[in-house]
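Each chain is listed here by its residues.
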Amino acid sequence: MQTQRLTIGGAGIEYRFAGSDAAGRDIVMLHEGLGSTSMWRDFPERLAQATRARVLAYSRRGYGGSAALNTPRSLDYMHEEARVHLPVLLSALGIQRPILFGHSDGASIALIQAAEPGSTARAVVALAPHVKVEALTVRSIEQTRAAFESTDLRARLARHHVDVDGTFWGWNRIWLDPRFRTWNIEGLLPRIRCPVLAMQGTEDEYGTLEQIDSIERAVPGAQALPLSDSRHSPHRDQPDRVLAATRRFLDERIPA
């Protein structure tokens, strides 16, 4: 489906809708740290069909076909996206009670947003979320940096990002900054009052299952679902299981 463009604060943001809102559900997809609208591939359409929802996918500023950043991201970039930029986007598109569906960084953004006092999130589906920085995460991101510099990773990412170097280094340098090792959102989790489903691959190379276990312990009624034979992108490795679990979760917790 062709993307559209919205100008927010003088910056163009690309987005696309899939499905319809006939069932009264709006799902907002929040991509990973190197993701974009196009990198979801056909998953928004499949998610819309499985859940009978209207699904929004968009590229955050600095990603995909959205405007490049004028200044480097701050160490609080996920908090800023959740608390400042995402609410503005939702308001501009008339989405009042979103179901937040996030992957990796996007899942963390979804959790932060849902923990806000004024959040109107109806539910959160978090794939491979980060709630703290683990040694495994840092090692894998170091390996990703090496791959970007020495393999075809840069060329593959360039198919999805207008400013591929800005996108990559804006993400990589933050995660490898020693000051970022203390980044942690566990203290926010008990504030979340909407239903939460957290899924993670048992072979995730960017985090251990402690990430989703932390969510299940801290968020009242949250569900943690490990997915076997899956790495850091369950929607690619186990798409049918992710879709089925999401549909079941929403049907049980937020009937259409």
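Here is a short report on the structure shown in this document. (Residues numbered from 1 in each chain as written. Predicted model: local features only at pLDDT ≥ 70, side-chain atom pairs only at ≥ 80, totals over all residues. Heavy atoms only, no water.)

This paragraph deals with unusual backbone geometry. The backbone phi angle of Arg52 is positive, close to 60 degrees, even though this residue is not glycine. Secondary-structure assignment places Arg52 in the loop between helix 1 (43-51) and strand 4 (54-58). Of note, the phi angle at Ser104 is positive, near 60 degrees, even though the residue is not glycine. (Helix = DSSP H or I, 4+ residues; strand = E, 2+ residues; numbered from the N terminus.)

For the rest of this paragraph, the subject is the nonpolar core. Ranked by size, the top nonpolar core spans 58 residues in total, and within it Val28, Leu111, Val124, Ile192 and Ile215 carry the most contacts. In this structure Val28 touches Leu56, Tyr58, Leu86, Leu90, Ile95, Pro98, Ile99, Leu100 and Phe101, once residues within four positions along its chain are discounted. Among the nonpolar cores identified, the runner-up in size contains 25 residues, and Ala18, Val55, Ala123 and Ala245 belong to it. (Core = buried A, V, L, I, M, F, W, Y, C linked by side-chain atoms within 4.5 Å. Buried < 20%, exposed > 50% of the residue type's maximum accessible area, 1.4 Å probe, protein only. Contact = heavy atoms within 4.5 Å.)

What follows is about empty space enclosed by the protein. Within this structure, the stated rule accounts for 1 cavity of 30 Å³ or more. There is about 40 Å³ of room inside the largest cavity. Looking at the largest cavity, the residues that line it are His31, Glu32, Gly35, Ser36, Met39, Trp40, His103, His235 and Arg236. Partitioning the lining of the largest cavity into residue classes produces 2 nonpolar, 5 polar and 2 charged. (1 Å grid on protein atoms, 1.4 Å probe; cavity = no way out; pocket = protein on both sides within 12 Å on 5 of 7 lines; lining within 4 Å. Points joined across faces, edges and corners; volume = space filled by probe spheres on them. Nonpolar A, V, L, I, M, F, W, Y, C, P; charged D, E, K, R; others polar.)

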